[in-house]
Amino acid sequence: MSRKPGSTSASAGAPAISTEDMCPVCKTMRYLNKDMEFLINPECYHSMCVNCVNRLFNDGPNQCPYAGCHRTLRRKGFRSAFFGDLAVEREVDIRRRVAAVFNQVEDDFETLDDYNNYLQMVEDLTFDLVNGSDARRRQAEATLQQWEAEHRAEIERNRRAGRDADDAARRRIAAEREAARQRRVDALREAEQEKLDRARSREAELDSLASAGPDSASRVQLKRRGGQVAAQRALDAAVGAAEAASGGASGGGGAGGASGVGGASDVGRLSIRGLKEKKKPAASEGPYDPFGGLEFTPSRYRVLPGVHTHPGIEKYKSDPAHVTGGYDFDDYTARAMFEAFAGLAVFVEDEKEVGVGLSASEVTAISAGIAAVGDKMDLD
Amino acid sequence: MEFNIDDLPVLFPYPRIYPEQYAYMVDLKRTLDAGGNAVLEMPSGTGKTVTLLSLIVAYQQHYPSHRKLVYCSRTMSEIEKALVELKALMKFRAERLGREEDFRALGLTSRKNLCLHPSVRREKSGNIVDARCRSLTAGFVKEKKEKGEDVEVCVYHDNLDLLEPHNLIPNGVWTLDGLLRYGEQHKQCPYFTARRMMQYCNVIIYSYHYLLDPKIAERVSKDLPKDCIVVFDEAHNIDNVCIESLSTDITEDSLRRASRGAQFLDNKINEMRESDQKKLQDEYEKLVQGLRGAEDSQPEDAFMANPILPADLLKEAVPGNIRRAEHFVAFLRRFIEYLKTRMKVRQVISETPPSFLAHLKEYTFIEKKPLRFCAERLTSLVRTLELTNIEDFQPLQEVATFATLVATYEKGFLLILEPYESDTAEVPNPVLHFTCLDAAIAIKPVFERFDSVIITSGTLSPLEMYPKMLDFPTVVQESYNMTLARRSFLPLIVTRGSDQSPISTGFQVRNEPGVVRNYGNLLTEFAKITPDGLVVFFPSYLYMESIISMWQGMGILDEVWKYKLILVETPDAQETSLALETYRTACCNGRGAVLLCVARGKVSEGIDFDHQYGRAVLCIGVPFQYTESRILKARLEFLRETYRIRENDFLSFDAMRHAAQCLGRVLRGKDDYGLMVLADRRFQKKRAQLPKWIAQAILDADVNLSTDMAVSSARRFLRTMAQPFRAKDQEGISTWSIEDLRKHQEKMDEERIRELQAEQERAENGEANAGAAAGGWDGKESDYEMDEDAEAELMALDN
Ligand code: SF4
Ligand SMILES: [Zn+2]
Ligand SMILES: [Zn+2]
């Protein structure tokens, strides 16, 4: 196996002009035609631009326009080259042919050495085909054909096996890619979900603060204080006991809001002066009521939480700028309703007679002002 | 001072020891005893190197196994520093023990730093020095010389052959300087002395790359025994070193030069076929046997560096279709042409190695197996052709390395083709990144080969990240605190400007004039109050440039100029070192200076700003990586899928380790002091990710400051620091004398005894309890006493 391969200069069998920027046939420069495309014909691997190919070969077979090249080319044979180096393009074309015939795999051989020798034999043969002298090329060609004839069944089998393996590999790669994509999507979704959860829990906290029954507020506070829960509970119990005691002494009146009234009546009945008023435990007062017990629940209509909607405010419900501030949309509807119904039981004439001191024009000005404020609210 | 840890006598070359140094030694010993790996985080400026060395040397000398120490550091100056420390330590030991120990330690760095040859050493680039040296020392050159041909050789190298091969240099610790001097005196090459003596050393100190870069490791560190103790110092960036050592970038230009290289090889082969057919035939014969056979002849002067191949592959014969030189060159050429074609695509492509290989095979009929042998085959060919101008083949070599890697690793790598430099670029400049995503691949052989690997640095938090990323088990993971007699550094987190509006370098706000002005004010204020040197870190060059030009427009720089000189780091090393020089001068002569630099630049990693060189460090913005990079994205995805590390966790970890590095720059010892200012709203939440020793020093009051508040507490701090502080004040607290140490040891022993007793008691009680439980609830008292677990407690309460 030590025969000396022919000249290895790659350019022996094919021209190695890389025609990147100028068509050697019509001399058009890429400078003039930006999308110029080159084609080659595997007959001789001479490249020329698409225009030339169409011009020369559209009317049937013709001779290659390269000087000294007398091959007859057909339009059908032209294609664009994969490689920039046309010598390599040609080499690969030959390899394709060789590989289709010599397609044994390692498993077909007894030992690795045999396989390696086989590989080298194939490589030598390919070299002869690519750039051997004419005699060598012919000989190699003959060997190739002979081998093909002799091993037809084997070749067919290996080809099928190879194709199956390729298919399997391709499928595997595709599956992996798909799986990776899927995982990426999942991860994204997870992150999104987490963000959403966080937002939601914050919202829930805000809501629970806003729907402030007095005890719920204190519950939230308790939660904040964490460890002190037990102590607070004990204190509560003590307060409750004290309250019960004072309630019993006053002989009537419930706990909570009524206890203040009860205290007042106490003072009225016993007329001993100079007695220090008994300090009540601070907590028994209940939450401070800034409106002094005024009832805001409307009597003529009801506001159902979450039912009243208005297209103008819908978009703010999800806007963090509004929601984070603790802005309550139910309050907004309640207020809008209140404003809408506020004037219903009032008769302007009657008011005038009582003499509130507002002229009709003033009244309208005020109501216009109110309306304006309402509008602005909407806009915010 | 001299003390024992368990049964191991340790000689420590200073009269005092820091408590954390002692703790570090104890943990280190535990690791070595167990024969496992450790991750140790030790505050900067607490004498990590000397601690490590004294314990390991003690360990080596005391136990009969005499385990070798391989100490890896990052830069040449760090290597030299460690060698000097070691030398001092050995001197101290000799004095104490009254005899010289049989001990040899050497440092190894590149030829560029160790060459003595009068003309070669004057070359500027390391590659050229390497190449020229090879051309003087290669095996065939010597053969020719022996045959009487007139070839140039290096006397320094040839003199080595006259010496005993295992005794090229006497015992002792050889600093790089000392090695050079010895080489000069005895006319022997320091580089090869170090290389050849490595097997006979007790301690080797060299750069990471000799272990981590598979292209070099195979050559240099092949003969190290398994029980070596391997230490990676300053290892907070070790994952990046690993990744870089396996990644390559291929450009159109490098392909063009590779083509030229292949062409040149082809010509050479033809020439040789005419003149010296036999050599080619010899090579061919050898390759039939297998790669390793071809190689054994010249292990040391190997021409090119190759990536690691699995060992079984090396024994295998080279595939038949690349055995012949001309076949192989044609093979290379086909591969290069294929790559060229791929580079013409004008859209971004990312591809896994298997899919790349499939496509390659379809278009070029190149199989995976010969591809794997590419790098080794090329080395062998270059050697056969007796080529010496290796730098011409650098690009070809890169392509071959790439071929080998892409065919060897299916997982953990990705090919990314980027046709344009940026999204807005019009002119294509394609780059094919072959990027390693898995830091564990490069370091895996190290963990496999050596029993104990210690990873240590000043900033490794969070500790569990490293074992996860590098995929190794640990015996000890520890972060040490800094014991201080006074608060000698003050970390502050500034989240708002003086106008109370938040400051951040977050993407949306970083260029808002308000934010920029607030940062400017912060700088001005600190320039006013800080004595001497002030170092400022920005997240990136780009941002630094834009913010500096905005400051110029706002007149902020003029204001700062009144108090301090302003110097700027640039990507150019020369300019930067000039700036540093000036900075140092200004700090020393009282003018004071501000150094503006980048958190991922050279300054943030290697330069220390001790004492007056850095009284304050200002970290402007969280130094996040540029997340739009495709390579980073791919790596993040890989980390998520393989190691379950979430993107944000990694990014934030990475940013914080760089921030911590920056902060650590100013505090280089216990007598040093400095301010550490983290200026970004986002630092508030990331505080926990700082190294323990910094995080613990942040007071709760200092985490959410506005500029003026920060300035006033900084002022207060500086005033305290200006008070006289005597070394005596530290005694017993932040430094221990031998008595203090004894006391501590006694206490620890007592504690341990008590613990053991308690354990025993517990065990006994457990039994008693079980007995008691059977007989009703009589064992109540003992229940209270032991408060073993929550359950027992609850039961006791219920009673
Ligand atoms: S053998 Fe040593 S001294 Fe000689 S050229 Fe090489 S590195 Fe320089
Ligand atoms: Zn044309
Ligand atoms: Zn032609």
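Residues numbered from 1 in each chain as written. Chains lettered and ligands numbered in written order. Predicted model: local features only at pLDDT ≥ 70, side-chain atom pairs only at ≥ 80, totals over all residues. Heavy atoms only, no water.

Identification of chain B as DNA 5'-3' helicase from Remersonia thermophila is taken from an unreviewed UniProt entry. Listed in UniProt under the heading Cofactor (unreviewed entry), the comment for chain B reads: "[4Fe-4S] cluster". For chain B, the Subcellular location (unreviewed entry) comment in UniProt is given as "Nucleus". (UniProt positions renumbered as here; feature names shortened; annotations may be inferred.)

Looking at an unreviewed UniProt entry, one finds chain A named RNA polymerase II transcription factor B subunit 3, with Remersonia thermophila as its source organism. In its Subcellular location (unreviewed entry) section, the UniProt entry covering chain A states "Nucleus".

Draft legend 1. Just the packing of aromatic side chains, in detail. In this structure the tally under the stated criterion is 35 aromatic pairs over all chains. Judged by centre distance (5.1 Å) and plane angle (85°), the ring pair of B:Tyr191 and B:Phe192 falls under edge-to-face. Here the aromatic residues A:Phe82, A:Phe83, B:Phe335, B:Tyr338, B:Phe356, B:Tyr363, B:Phe402, B:Tyr409, B:Phe413 and B:Phe434 are joined through ring pairs into a cluster of three or more. In this structure, B:Arg510 packs its charged tip against the face of B:Tyr543, placed 4.5 Å from the ring centre. Across from the ring centre of B:Tyr673, 3.9 Å away, lies the NZ or CZ of B:Arg615, which sits over that ring. (Phe/Tyr/Trp six-rings, centres within 6.5 Å; stacked < 30°, edge-to-face > 60°. Lys NZ or Arg CZ within 6 Å of the ring centre and 35° of its normal.)

Draft legend 2. Main features of the coordination of the zinc ion (ligand 2). Residues and elements named next belong to chain A. Taken together, Cys23 (SG), Cys26 (SG), Cys49 (SG) and Cys52 (SG) make up the protein donors of the zinc ion (ligand 2), found 2.1 to 2.3 Å from the metal. For the zinc ion (ligand 2), the four donor atoms in the first shell make angles of 103 to 118° at the metal, so the coordination geometry reads as tetrahedral. For the zinc ion (ligand 2), the single-chain donor residues occur in sequence as C-x2-C-x22-C-x2-C. (Donors = N, O, S within 2.8 Å, 3.2 Å for Na, K, Ca; no water. Tetrahedral: all angles 85-135°; square planar, octahedral: opposite > 155°, others 65-115°.)

Draft legend 3. How the structure looks around unusual backbone geometry. Residues and elements named next belong to chain B. A cis amide bond links serine 461 with the next residue in sequence, proline 462, at an omega value of -10°. Inspection of the secondary structure assignment puts proline 462 in the loop between strand E13 (452-457) and helix H23 (465-470). The residue arginine 644 is not glycine, and still its phi comes out positive at about 55°. Within the secondary structure layout, arginine 644 lies in the loop between helix H29 (630-643) and helix H30 (647-664). (Helix = DSSP H or I, 4+ residues; strand = E, 2+ residues; numbered from the N terminus.)

Draft legend 4. Region of interest: the interface of chain A and chain B. Contacts between the two partners involve 37 residues from chain A, matched on the other side by 36 residues from chain B. Both sides of the chain A and chain B interface together cover about 3100 Å² of buried area, and 52% of this is carbon and sulfur. Linking chain A to chain B there are seven salt bridges. Across the pair B:Lys361 and A:Asp166 runs a salt bridge whose closest N-O atoms are separated by 3.9 Å. Seen at the junction of chain A and chain B, the total is 11 residue pairs in polar contact (both at pLDDT 80 or more). Of all elements in the fold, only helix H2 (86-101), helix H3 (112-131) and helix H5 (152-210) of chain A reach the threshold of two or more residues within the side of chain A that touches chain B. Residue contributions to the side of chain A that touches chain B peak at 10 residues, all from H5(A). Broken down by class, the residue content of the side of chain A that touches chain B amounts to 14 nonpolar, six polar and 17 charged. (Contact = heavy atoms within 4.5 Å. Buried area = accessible area lost by both parts, 1.4 Å probe. Salt bridge = Lys/Arg side-chain N within 4 Å of Asp/Glu carboxyl O. Polar contact = N/O pair within 3.5 Å; in protein donor to acceptor, adjacent residues only side chain to side chain. Nonpolar A, V, L, I, M, F, W, Y, C, P; charged D, E, K, R; others polar.)

Draft legend 5. Up close: the nonpolar core. Residues and elements named next belong to chain B. One finds Phe3, Tyr206, Phe232 and Ile238 to be the most contacted residues of the largest nonpolar core, which totals 173 residues. No other element matches helix H17 (residues 325-343), which puts 10 residues into this core. With near-sequence residues (within four places) excluded, phenylalanine 232 lies in contact with Cys72, Tyr208, Leu211, Leu212, Ile238, Ile443, Val446, Val453, Ile454, Ile455 and Thr456. Counting residues in each nonpolar core, the second largest holds 41 residues, with Val515, Met544, Ile547 and Val594 among its members. (Core = buried A, V, L, I, M, F, W, Y, C linked by side-chain atoms within 4.5 Å. Buried < 20%, exposed > 50% of the residue type's maximum accessible area, 1.4 Å probe, protein only.)

Draft legend 6. Just the coordination of the zinc ion (ligand 3), in detail. Residue and element names in this part refer to chain A. In the first shell of the zinc ion (ligand 3), the protein supplies Cys44 (SG), His46 (ND1), Cys64 (SG) and Cys69 (SG), at 1.8 to 2.4 Å from the metal. Each of the four donor atoms around the zinc ion (ligand 3) contributes to a set of angles spanning 100 to 115°, which defines the coordination as tetrahedral. Summarised as a motif, the one-chain spacing of the donors to the zinc ion (ligand 3) is C-x1-H-x17-C-x4-C. Of this pair, histidine 46 sits in the loop between strand E1 (38-39) and strand E2 (48-49) while cysteine 64 sits in the loop between strand E3 (62-63) and strand E4 (72-73), and the two are 18 residues apart along the sequence. Across this residue pair, the class does not change: histidine 46 and cysteine 64 are buried.

Draft legend 7. Broad picture of the pattern of salt bridges. Counted under the stated rule, the structure contains 69 salt bridges over all chains. A salt bridge links A:Glu91 to A:Arg95; the shortest N-O distance between them is 3.0 Å. Within this pair, A:Glu91 and its partner A:Arg95 are both found in helix H2, separated by four residues, close to a single helical turn. Note on accessibility: A:Glu91 and A:Arg95 belong to one class, buried. B:Asp654 serves as the salt-bridge partner of B:Arg600, at 2.7 Å between the closest nitrogen and oxygen. Taken as a pair, B:Arg600 in the loop between strand E18 (593-598) and helix H28 (602-606) and B:Asp654 in helix H30 lie far apart in primary sequence, 54 residues in all. Judged by its relative accessible area of 30%, B:Arg600 is partly exposed.

Draft legend 8. Structural context of the sheet that holds strand E16 (residues 533-538) of chain B. Residue and element names in this part refer to chain B. Here we have seven strands laid out as an open sheet, ordered E17-E18-E16-E19-E20-E15-E21, and parallel in their pairing. Pairing within the sheet leaves two strands with one partner each, and these edge strands are strand E17 (565-568) and strand E21 (705-706). When E17 meets E18, the two strands line up parallel, connected through four bridges. Bridging across to E18, isoleucine 566 finds its partner in valine 594. Its contacts with the sheet put H30 on E16, strand E19 (616-620) and strand E20 (674-679), and the angle it makes with E19 is roughly 160°. Strands in contact with helix H33 (residues 707-722) are strand E15 (489-496), E20 and E21; relative to E15, the strand with the most contacts, it is inclined by about 170°. (Pairing = 2+ DSSP bridges. Axes fitted to C-alpha atoms, helices over the stretch in contact; angles between N-to-C directions.)

Draft legend 9. Quick peek at the UniProt feature "domain: RING-type" (unreviewed entry) in chain A. What UniProt calls "domain: RING-type" (unreviewed entry) maps, in this numbering, to residues 23-65 of chain A. With 19% helix and 14% strand, the stretch residues 23-65 of chain A has end C-alpha atoms that lie 12 Å from each other.

Draft legend 10. Examining the site of ligand 1 more closely. Residues and elements named next belong to chain B. Every residue close to ligand 1 is listed here: Cys115, Leu116, His117, Cys133, Thr137, Cys154, Tyr156, His157, Cys189 and Phe192. Mapped by element, the contributors of at least two residues to the shell around ligand 1 are helix H5 (126-137) and helix H7 (155-160). Broken down by class, the residue content of the shell around ligand 1 amounts to seven nonpolar, three polar and no charged. (Near = heavy atom within 4 Å.)

Draft legend 11. Summary view of the environment of B:Gly514. Along the chain, the position of B:Gly514 falls in helix H24 (residues 513-529). Each C-alpha atom, one on B:Gly514 and one on B:Cys201, is 60 Å from the other, the two residues being 313 residues apart in sequence.

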